[in-house]
Amino acid sequence: MKKLSLIFALLFSVASHSFSQKSKPNILFLIADDWSFPHAGVYGDPIVRTPTFDRLAKEGALFTNAYTASPSCSPSRASVLLGRYPHQNEDGGNLWSEFPAQYPTYVSILEKAGYFTGSTRKGWGPGDFRVRGLEHNPAGKNFEDFKTFFASKTDGKPFTFWFGSSDPHRTYVPNTGIQTGMALEEVIVPGFFPDNDCVRNDILDYYFEVERFDRECGQIIKMLEEAGELDNTIIVMTSDNGMPFPRAKANLYDYGTRMPLVIRWPEKIAAGIVIDDFVNFIDFAPSFVEAAGQQQETMTGQSLWPLFAGEKQDRDQVYLERERHANVRKGDLSYPMRAVRDHQYLYIRNLMPERNPAGDPSVHVSVGQYGDIDNSITKFLIMNMERKSIPGQPDYFKLAFEKRPEEELYDVVNDPYQLTNLAENNTYSEVKAKMRQKLQNWMEKTGDLRATEPRSLYWDKVRYTPDYQFENYDFKKMIEEYKIMPPFGNYPKGGIPCLDQ
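Right, let's walk through the structure included here. (Residues numbered from 1 in each chain as written. Predicted model: local features only at pLDDT ≥ 70, side-chain atom pairs only at ≥ 80, totals over all residues. Heavy atoms only, no water.)

**Quick look at the environment of aspartate 205**
Alright, step 1. Along the chain, the position of aspartate 205 falls in helix α7 (residues 197–226).
Alright, step 2. Separated by 248 residues in the primary sequence, aspartate 205 and glutamate 453 have C-alpha atoms spaced 42 Å apart.
Alright, step 3. Setting aside residues no more than four positions away along its own chain, aspartate 205 makes contact with Tyr172, Val173, Pro174, Asn175, Thr176, Gly177, Ile178 and Tyr482. (Helix = DSSP H or I, 4+ residues; strand = E, 2+ residues; numbered from the N terminus. Contact = heavy atoms within 4.5 Å.)

Here it is as structure tokens:
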């Protein structure tokens, strides 16, 4: 694949980002639920099979530094639709929130411009959009599937369609991955997990659902191809936030925020390019609006089309944030974080470090103990390691569950799993100061309430729409009951247990 550079991009016949009004492009947005970079074949993962994603990368642009605006479903999806940072979306900065309908989405703008709009399965959410007067999900009117949507479209009318899979969100059916022939020994275990077969098996189940998402996306693309609409369609395939594992989803480390992303549109994007510039999910909406020849005044993202045309943009870093994910702290408390990530360093500010980053050790409203982490065998095994750290290995329990300092700094090149916090290392004091100031400047520039009131209670008091309460669970019993069930080979009739490893 070719590396995108200003020189090469200017040579591409597709370099101009002026848009013809004669043929407005369709927009197909394919979004997974909890899928992390680099879990795709084209990124070099040795197991997971993603032929659809890999094909789009070959025929379009593959991004290596695409980041969600927030590692949490609702705020991430709101930022995609609105082109605004989560803190600019008020209530929409929280999970299970109310949609900030006072701002137009790219879908609503395109609908007014004559586009046929629709969505299926998970659009914006979870949360409440009707309380703000919306008649349908902000991602588009609901259809049973893309086939039904496409059959309902008037011939010649451009469309925008949102396919929101529920994969690879938990819960998983244990052993679905290994039963398809995936090999435990080939799994690359992130450095913040203990490396044992039960964790590997859990990752295989995650891969199984990534593959199902890829397969369904391929079926939609085949329908487009058969209808002769493929090349006049902007296709985006990505995820909303990171994998549902400890220290990933709901965290500002790379496995929570760094996303797989490909974009295909032959009219403006040369085939097979790789883009290393930083892209934030707030960039999608203004890009779609511009491609449709429309105007917007409320979006703060940068259009991507100048990037493809070889123009210089401010893409040397990306800014990240989160507020309340699940309602898992007594008092309905958020866990506010802000971060800046560039090619060398990740700097994180934990604005209320006295709070529990993964949620309280006992259930408050949802999920169970440490409820900002989805329940899984990986989570339970790490919970079982409390005060059992192994010399020469990371303290996995501390990394996942314990409180964190106000500032974190990681050398992402030499520490890709962000295990060693350099914030108190004097060698990096200048780097830390520079990153801290860069983050503060961005917070002020974008009107972040926490720039002037870092301990604001605003997002603590925003409505949390569910009213359920789960109980504490017996995680040791769950570990005892979990068994690996390979489809072949010699193993105990009842499966391979975790605690014997």
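**A few points about the nonpolar core**
Alright, step 1. Core analysis: the largest hydrophobic core is formed by 68 residues, its most contacted members being Leu30, Trp35, Phe193, Tyr206, Met237 and Phe401.
Alright, step 2. Broken down by element, the residue count for this core peaks at 12 residues, all from α7.
Alright, step 3. With residues up to four places along the chain from it excluded, the contact list for leucine 30 reads Phe163, Phe213, Cys217, Ile220, Ile221, Ile235, Val236, Met237 and Thr238.
Alright, step 4. Formed by 44 residues, the second largest nonpolar core is a distinct cluster that contains Phe99, Tyr103, Ile269 and Leu307. (Core = buried A, V, L, I, M, F, W, Y, C linked by side-chain atoms within 4.5 Å. Buried < 20%, exposed > 50% of the residue type's maximum accessible area, 1.4 Å probe, protein only.)

**What about the packing of aromatic side chains?**
Alright, step 1. A full pass over the atoms with the stated rule returns 44 aromatic pairs.
Alright, step 2. Aromatic side chains tyrosine 206 and phenylalanine 245 sit 5.8 Å apart centroid to centroid with 80° between the ring planes, which places their arrangement in the edge-to-face category. Taken together, the residues tyrosine 206 in helix α7 and phenylalanine 245 in the loop between β8 (233–239) and α8 (254–257) connect sequence positions 39 residues apart.
Alright, step 3. Classification of tyrosine 206 as buried rests on a relative accessible area of 0%.
Alright, step 4. On the basis of relative accessibility, which here comes to 1%, the residue phenylalanine 245 falls in the buried class. (Phe/Tyr/Trp six-rings, centres within 6.5 Å; stacked < 30°, edge-to-face > 60°.)

**Quick notes on the layout of surface pockets**
Alright, step 1. Estimated volume of the largest pocket: approximately 410 Å³.
Alright, step 2. Elements represented by at least two residues in the lining of the largest pocket include exactly β11 (279–280), β12 (317–322) and α13 (429–445).
Alright, step 3. In terms of residue count, α13 provides more of the lining of the largest pocket than any other element does, 4 residues in total.
Alright, step 4. Class assignment of the residues belonging to the lining of the largest pocket gives a composition of 7 nonpolar, 7 polar and 5 charged.
Alright, step 5. Approximately 350 Å³ is the volume found for the second largest pocket.
Alright, step 6. The wall of the second largest pocket is formed by 19 residues, among which His169, Lys249, Val367, Asp374 and Tyr468 lie closest to the centre. (1 Å grid on protein atoms, 1.4 Å probe; cavity = no way out; pocket = protein on both sides within 12 Å on 5 of 7 lines; lining within 4 Å. Points joined across faces, edges and corners; volume = space filled by probe spheres on them. Nonpolar A, V, L, I, M, F, W, Y, C, P; charged D, E, K, R; others polar.)

**What to know about empty space enclosed by the protein**
Alright, step 1. Under the counting rule described, the total for this entry stands at 2 cavities of 30 Å³ or more.
Alright, step 2. Size it by volume and the largest cavity reaches roughly 40 Å³.
Alright, step 3. Taken together, Lys249, Ala250, Asn251, Arg322, Pro357, Ala358, Asp372, Ile373, Ala400 and Arg404 form the lining of the largest cavity.
Alright, step 4. Its residues assigned to classes, the lining of the largest cavity comprises 5 nonpolar, 1 polar and 4 charged.

**Section: the pairing of β12**
Alright, step 1. For β12, the buried fraction is high: 6 of the 6 residues fall into the buried class.
Alright, step 2. Side chains Gln317, Tyr319 and Glu321 of β12 all project onto a buried face; the interleaved residues Val318, Leu320 and Arg322 project onto the opposite face, where all are buried too.
Alright, step 3. Bridge count for β12 against strand β13 (residues 337–342) is 6 bridges, and the pairing is antiparallel. Following the sheet pairing, valine 318 is matched in β13 by arginine 341. (Pairing = 2+ DSSP bridges.)

**Side note on the state of the cysteines**
Alright, step 1. One pass over the full model with this rule turns up 1 disulfide.
Alright, step 2. Cysteine 198 shares a disulfide with cysteine 498; S-S distance 2.1 Å. On the sign convention where negative is left-handed, the bridge of cysteine 198 and cysteine 498, at about -105° about the S-S bond, is left-handed. Residue cysteine 198 is located in helix α7, and its partner cysteine 498 is located in the segment after β17 (496–497); the two are separated by 300 residues in the primary sequence.
Alright, step 3. Left without a disulfide partner, cysteine 73 is nearest to the cysteine sulfur of cysteine 217, which lies 16 Å away.
Alright, step 4. By relative accessible area, which is 3% here, cysteine 73 ends up buried. (Disulfide = S-S within 2.5 Å.)

**Comments concerning the sheet that holds strand β14 (residues 345–350)**
Alright, step 1. Reading across from one edge, β12-β13-β14-β15 is the order of the 4 strands in this open sheet, with antiparallel pairing throughout. Across the chains shown, the open sheet's two edge strands, defined by having one partner strand only, are β12 and β15 (407–411). With strand direction ignored, the average angle separating the axes of adjacent strands in the sheet is 15°.
Alright, step 2. In the sheet, β14 pairs with β15 via 5 bridges, with the strands oriented antiparallel. Bridge pairing in β15 links tyrosine 347 to leucine 409.
Alright, step 3. Here α13 sits on the sheet in contact with β12, β13, β14 and β15, set at roughly 65° to β14. (Axes fitted to C-alpha atoms, helices over the stretch in contact; angles between N-to-C directions.)

**Some words on the pattern of salt bridges**
Alright, step 1. Inspection of the entire model under this criterion finds 35 salt bridges.
Alright, step 2. Across the pair glutamate 59 and arginine 264 runs a salt bridge whose closest N-O atoms are separated by 2.7 Å. Here the residue glutamate 59 occupies a position in helix α2 (residues 51–59), and arginine 264 occupies one in strand β9 (residues 258–264), the gap between them amounting to 205 residues.
Alright, step 3. Take glutamate 59: its relative accessible area is 25%, and that puts it in the partly exposed class.
Alright, step 4. Residue arginine 264 is classed as buried on the basis of its relative accessible area of 7%. (Salt bridge = Lys/Arg side-chain N within 4 Å of Asp/Glu carboxyl O.)

**What about α13?**
Alright, step 1. The terminal C-alpha atoms of α13 lie 24 Å apart, and with 17 residues this matches the ideal 24 Å at 1.5 Å per residue to within 8%.
Alright, step 2. Contacts made by the buried residues of α13 are with β12, β13, β14, β15 and α14 (449–452).
Alright, step 3. Looking one or two places after α13, you find glycine 447, whose phi comes out positive at around 70°. (Expected span 1.5 Å × (residues − 1).)

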